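# Observations on the three-dimensional arrangement
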Amino acid sequence: MTDETLLGQAASEPELPATFFEGLLPFTDADDVGPVQFATPSGVLGGSSSGLYIGKGFIADEFTTYVQSYNFGPKPPTFIVLHHTSLPDTKHARLRHASWDSGEEKLSNAQIYAKRQKQLNGIWNYYRRQLGWDRGPHLFIDERWIWLFTPMYYQGIHAAEGNGTTYNYSIGIEVVGHYDRVTWPPQIEALVGHAVAVLKRQLGSFELKHQRFAGGVSSHRDYNKPSCPGAAITEEYYLRVLREGWDRLNNKGLSRSVP
Ligand SMILES: [Zn+2]
């Protein structure tokens, strides 16, 4: 599967309640653009009108397969930058309305996927129309899916100078929720740990250590936003989660033989 076939499939018009967009905290900071050049190649990846957005959710194994065959380009990403969305928030990590995962009690898994995909499309349309961005962060992770947002082939917009440069850029990961008072729930710990581990194995360009810019893992607070990825998500905490994910990935063959 390639980005070309994925891009543009999901960018339908959002039909979301107005409350979903009230004060989308991480999406109003023009500083996050940093030095990114808006240069969506016309006719490439769906053309300039669709921008750099995929809008598809993967479970862990699907993400593994995707990354293993992914073309990261001539200068693959060299670091990870972690975020929280703050808003939209979740029932577990609530700031206001839990707009990401409320109203899902009677929905099937497929219906929840469709609902959240529409919400993600809404965020993309907000970036594109209100902020005039042609891209955003690379991944959004909730307790069910790893959502592909901007193709990882490209530098993203998420953390000002933490976006890196065109040829030395970061992967920006948004964890859905507001994490000032609670840490990630176990399902999100598992998915974030898995996603970063798979990227580390494929890229080999960063270590699981706290370091700004190339070669390590950092978060938005290391650059221009002290409140992100949430006060509860300390460096000690997220590094422990990422190392557990790395150990799980590398021991998977063993653990499968254990009943
Ligand atoms: Zn952030």
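Computed from a predicted model, the values in this text were never measured in an experiment.

### So, helix 3 (residues 109-131)
Between the first and last C-alpha of helix 3 there are 32 Å, a value that for 23 residues agrees with the 33 Å anticipated at 1.5 Å per step. Phi turns positive one or two residues past the end of helix 3, at G132, with a value near 70°.

### A word on the coordination of the zinc ion
Of the protein atoms, only H83 (ND1), H220 (ND1) and C228 (SG) coordinate the zinc ion, at distances of 2.0 to 2.3 Å. Mapped onto the sequence, the donors of the zinc ion take the spacing H-x136-H-x7-C. Each member of the pair, H220 together with C228, is buried.

### Re the side chain of D89
Among the structural elements, D89 can be located in the loop between strand 2 (79-84) and helix 3. No salt bridge is formed by the buried D89. Its closest oppositely charged neighbour is R94, at 5.6 Å. Polar side-chain contacts of D89 include one of 3.3 Å to the backbone nitrogen of H97. In this structure D89 touches R94, L95, R96, H97, A98, S99, W100, D101, G177 and H178, once residues within four positions along its chain are discounted.

### A closer look at helix 2 (residues 60-68)
Residues of helix 2 that are buried: F63, T64, Y66 and V67. Around the axis of helix 2, the buried residues are gathered within 165° of arc, so they sit on the same side.

### Things to note about the pattern of salt bridges
This structure, assessed with the given rule, holds 11 salt bridges. In this structure, the salt-bridge partner of E104 is K115, at a minimum N-O distance of 3.0 Å. Note that E104 is positioned in the loop between strand 2 and helix 3 and K115 in helix 3, a separation of 11 residues in sequence. One network of salt bridges, in which partners are shared, links E104, K115, R116, D142, E143 and R144.

### Considering the packing of aromatic side chains
In this structure the tally under the stated criterion is 16 aromatic pairs. Aromatic pair Y113 and W145: ring centres 5.2 Å apart, planes at 85°, arrangement edge-to-face. Of this pair, Y113 sits in helix 3 while W145 sits in the loop between strand 3 (139-141) and strand 4 (146-148), placing them 32 residues apart in sequence. An aromatic cluster is defined as three or more aromatic residues linked by ring pairs; in this entry it consists of Y53, W124, Y127, W133, F140 and F149.

### A word on the environment of T183
With respect to the helices, strands and loops of the structure, T183 is situated in the loop between strand 6 (168-175) and helix 4 (186-203). Classification of T183 as partly exposed rests on a relative accessible area of 32%. The spatial distance from the C-alpha of T183 to the C-alpha of A93 is 8.0 Å, given a sequence separation of 90 residues. Not counting residues within four places of it along the chain, the set of residues in contact with T183 comprises H92, A232, I233 and Y237.

### What about the environment of T234?
Inspection of the secondary structure assignment puts T234 in the loop between strand 7 (217-219) and helix 5 (235-250). According to the relative accessible area criterion, T234 is partly exposed, its value standing at 33%. C-alpha separation for the pair T234 and R201, spaced 33 residues apart in sequence, amounts to 24 Å.

### Quick look at the packing of helix 4 against helix 5
Where helix 4 meets helix 5, the closest approach of the two axes is 7 Å, and the angle between their N-to-C directions is 65°. Considered as vectors, helix 4 and helix 5 are oriented roughly perpendicular to each other. Helix-helix and strand crossings are classified by hand; for helix 4 and helix 5 the assignment is right-handed. For the pair formed by helix 4 and helix 5, the contact residues are E189, A190, V192, G193, H194, V196, A197, V198, K200 and R201 on the first element and Y237, R240, V241, L242, G245, W246, R248 and L249 on the second.

### Focus on the nonpolar core
Of all hydrophobic cores here, the largest spans 39 residues; its most connected members are F63, I80, L139, M152, W184, L199 and Y238. Every element with two or more residues in this core is listed here: helix 2, strand 2, strand 3, strand 4, strand 6, helix 4 and helix 5. For this core, the leading source of residues is helix 4, giving 9 residues. With residues up to four places along the chain from it excluded, the contact list for L139 reads F63, I146, W147, L148, F149, M152, I171, G172, I173, E174 and L199. Of all hydrophobic cores here, the second largest spans 17 residues; its members include Y53, W133, F140 and F149.

### Topic: the pairing of strand 6
Burial analysis of strand 6 places 7 of its 8 residues in the buried class, the great majority of the element. Relative to strand 6, strand 2 runs parallel, the two sharing 6 bridges. Bridge pairing in strand 6 places L82 opposite I173. Bridge count for strand 3 against strand 6 is 3 bridges, and the pairing is parallel. Directly across from F140, in strand 6, lies its bridge partner E174. Inspection of the sheet shows strand 5 (residues 164-165) paired to strand 6 by 2 bridges, in the antiparallel sense. Opposite T165, over in strand 6, you have N168 as the bridge partner. Linkage of strand 5 to strand 6, two consecutive antiparallel strands, is achieved through a turn of 2 residues.

What counts and what doesn't
- Residues numbered from 1 in each chain as written.
- Predicted model: local features only at pLDDT ≥ 70, side-chain atom pairs only at ≥ 80, totals over all residues.
- Heavy atoms only, no water.
- Helix = DSSP H or I, 4+ residues; strand = E, 2+ residues; numbered from the N terminus.
- Expected span 1.5 Å × (residues − 1).
- Donors = N, O, S within 2.8 Å, 3.2 Å for Na, K, Ca; no water.
- Buried < 20%, exposed > 50% of the residue type's maximum accessible area, 1.4 Å probe, protein only.
- Lys, Arg positive; Asp, Glu negative; His and termini not counted.
- Salt bridge = Lys/Arg side-chain N within 4 Å of Asp/Glu carboxyl O.
- Polar contact = N/O pair within 3.5 Å; in protein donor to acceptor, adjacent residues only side chain to side chain.
- Contact = heavy atoms within 4.5 Å.
- Arc of directions from axis to C-beta.
- Phe/Tyr/Trp six-rings, centres within 6.5 Å; stacked < 30°, edge-to-face > 60°.
- Axes fitted to C-alpha atoms, helices over the stretch in contact; angles between N-to-C directions.
- Parallel < 35°, antiparallel > 145°, perpendicular 65-115°, else oblique.
- Left-handed = near helix turned anticlockwise from the far one by under 90°.
- Core = buried A, V, L, I, M, F, W, Y, C linked by side-chain atoms within 4.5 Å.
- Pairing = 2+ DSSP bridges.

Read these as geometric descriptors, not functional statements.
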